[in-house]
Amino acid sequence: MTVHLTRRPAAQWWALAGFFAAVIVVAVLGGLAVARPADDYAALARPGWAPPSWLFGPVWTVLYAMIAVAGWLVWRRAGWGPALWVYTLQLVLNAIWTPLFFGAGLRGLAFADIVALWLAIGATVLLFSRISALAAWLLAPYWLWVTFASALNYAIWQLN
């Protein structure tokens, strides 16, 4: 059953703010897991193709904005339904990764989480594509980045 919320303009902007708040919570939870993630990242043995630590902040800022807008576009068209439940699952898996990888140093468990995240993003893209092609395409760079991050997570796990 899909629940449609009001489509008044003010409600739509509040909903967009809510989607941005959700991704900000995910980012903040990750940030709280580690006092100095750049230092922790620099201390790890990394493969030669690992990006510099300064790159992660700008990349994730853009990706989180795209994730928020994608969710909002689907909500506007279909309301709250199965696609947004899967979207929520991928946000939760995203939020869990940093505390596992950096906070707890559980690189193998973080790899399992990021694989589950990758699958959840794929399911979200598939479900979103049935509702809004634009929303699905907005998630494509995120899915690609998580593909790269999965390989990096695995490599770091093996090297450390």
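Up top is the structure these notes are about.
One structure accompanies this document, and this report is about it.

## Here's the deal with the side chain of Asn94
Then step 1. Within the secondary structure, Asn94 sits in helix α4 (residues 82-103).
Then step 2. With a relative accessible area of 6%, Asn94 lands in the buried category.
Then step 3. A distance of 3.0 Å separates a polar atom in the side chain of Asn94 from a polar atom in the side chain of Tyr142.
Then step 4. Those residues in contact with Asn94, other than ones at most four positions away along the chain, are Val26, Trp60, Tyr64, Leu117 and Tyr142.

## A word on the packing of α4 against helix α6 (residues 133-159)
Then step 1. Contact geometry for α4 and α6: axes closest at 13 Å, N-to-C directions at 30°. In terms of axis orientation, α4 runs roughly parallel to α6. Regarding α4 and α6, the two cross each other, and that crossing is left-handed. Contacts from Gln90, Asn94, Trp97 and Phe101 in α4 reach Tyr142, Asn153 and Ile156 in α6.
Then step 2. Of the residues belonging to the contact of α4 with α6, the class tally is 4 nonpolar, 3 polar and no charged.

## A few points about the side chain of Thr124
Then step 1. Structurally, Thr124 is set in helix α5 (residues 107-129).
Then step 2. With residues up to four places along the chain from it excluded, the contact list for Thr124 reads Val86, Tyr87, Gln90 and Leu139.

## Some details on the nonpolar core
Then step 1. Ranked by size, the top nonpolar core spans 47 residues in total, and within it Ile67, Tyr87, Phe128 and Tyr142 carry the most contacts.
Then step 2. Looking at this core, the elements that each hand over two or more residues are α1 (9-33), α3 (56-78), α4, α5 and α6.
Then step 3. In terms of residue count, α3 provides more of this core than any other element does, 11 residues in total.
Then step 4. For Tyr142, the residues in contact, after removing those within four places along its chain, are Trp60, Leu63, Ile67, Gln90, Asn94, Leu117 and Ile121.

## Some points on α6
Then step 1. The end-to-end C-alpha distance of α6 is 39 Å, a good match for the 39 Å that 27 residues give at a rise of 1.5 Å each.
Then step 2. Within α6, the axis deviates most sharply at Ala140, by approximately 30°, and proline Pro141 lies no more than four positions further along.

## Here we look at a nonpolar patch on the surface
Then step 1. Where nonpolar side chains cluster on the molecular surface, the patch consists of Ile24, Val25, Val28, Leu29 and Leu32 and spans about 480 Å² of accessible area.
Then step 2. Structurally, Ile24 can be placed in helix α1.

## Some remarks on the packing of aromatic side chains
Then step 1. Per the stated rule, a full pass over the model turns up 18 aromatic pairs.
Then step 2. Ring centres of Trp80 and Trp85 lie 5.6 Å apart, and the angle between their planes is 85°; on these two criteria the pair is classed as edge-to-face.
Then step 3. With 5.2 Å between their ring centres and 55° between their planes, Phe111 and Tyr154 make a pair best called tilted. Note that Phe111 is positioned in helix α5 and Tyr154 in helix α6, a separation of 43 residues in sequence.
Then step 4. Through pairs of rings, three or more aromatic residues link up here, namely Phe19, Trp80, Trp85, Tyr87 and Phe128.
Then step 5. The ring of Tyr41 carries Arg46 above its face, with NZ or CZ at 4.7 Å from the centroid.
Then step 6. Over the ring of Phe101 we find Arg107; its NZ or CZ atom is 4.8 Å from the centre of that ring.

Basis of the calculations
- Counting from 1, residues in each chain are numbered in the order their sequence is written.
- Under the rules for a predicted model, residues below a pLDDT of 70 receive no local features and side-chain atom pairs below 80 are neither given nor counted, while totals for whole chains, interfaces and linings still include all residues.
- Derived side-chain values reflect all non-hydrogen atoms in the structure, with water molecules and hydrogen atoms excluded from consideration.
- Secondary structure elements are defined from DSSP: runs of H or I of at least 4 residues count as helices, runs of E of at least 2 residues count as strands, and each element is numbered from the N terminus.
- Working definition: with a 1.4 Å probe on protein chains only, accessible area under 20% of the residue-type maximum means buried, over 50% means exposed, and in between means partly exposed.
- Polar contacts, as used here, are pairs of N or O atoms within 3.5 Å; protein pairs need one atom able to donate a hydrogen and one able to accept it. Residues neighboring in sequence count only if both atoms are side-chain atoms.
- Two residues form a contact once any of their heavy atoms are found within 4.5 Å.
- Here the axes come from fitting lines to C-alpha atoms, over the contacting stretch only for helices, and the angles between their N-to-C directions go from 0 to 180 degrees.
- The cut-offs work like this: below 35 degrees is roughly parallel, past 145 is roughly antiparallel, 65 to 115 is roughly perpendicular, and the gaps in between are oblique.
- Handedness of a crossing follows from how the near helix is turned relative to the far one, being left-handed for an anticlockwise turn of less than a right angle and right-handed for a clockwise one.
- Under the convention adopted here, Pro, Cys and the residues Ala, Val, Leu, Ile, Met, Phe, Trp and Tyr are nonpolar, Asp, Glu, Lys and Arg are charged, and Gly plus all remaining residues are polar.
- Residues grouped as a nonpolar core are buried Ala, Val, Leu, Ile, Met, Phe, Trp, Tyr and Cys residues, joined through side-chain atoms within 4.5 Å.
- Here a helix's expected span is defined as the number of its residues, less one, multiplied by 1.5 Å.
- Bend at a residue means the angle formed by two fitted axes: the first through the 7 residues ending at that position, the second through the 7 residues beginning there.
- Patch membership requires over 30% relative accessible area and the absence of a salt bridge. Like charges are linked within 9 Å, and nonpolar side chains (Val, Leu, Ile, Met, Phe, Trp, Tyr) within 5 Å.
- Each accessible area is a Shrake-Rupley estimate made with a 1.4 Å probe; only the visible protein chains count as cover when residues are assessed.
- Salt bridge, as used here, is a side-chain nitrogen of Lys or Arg placed within 4 Å of a carboxyl oxygen of Asp or Glu.
- Note on ring pairs: Phe, Tyr and Trp rings are taken, using the six-membered ring of Trp, and paired if centres are within 6.5 Å. Classes follow the plane angle, with under 30 degrees stacked, over 60 edge-to-face and the rest tilted.
- Note on geometry: a ring has a charge over it if NZ (lysine) or CZ (arginine) is within 6 Å of the ring centre and within 35 degrees of the ring normal.

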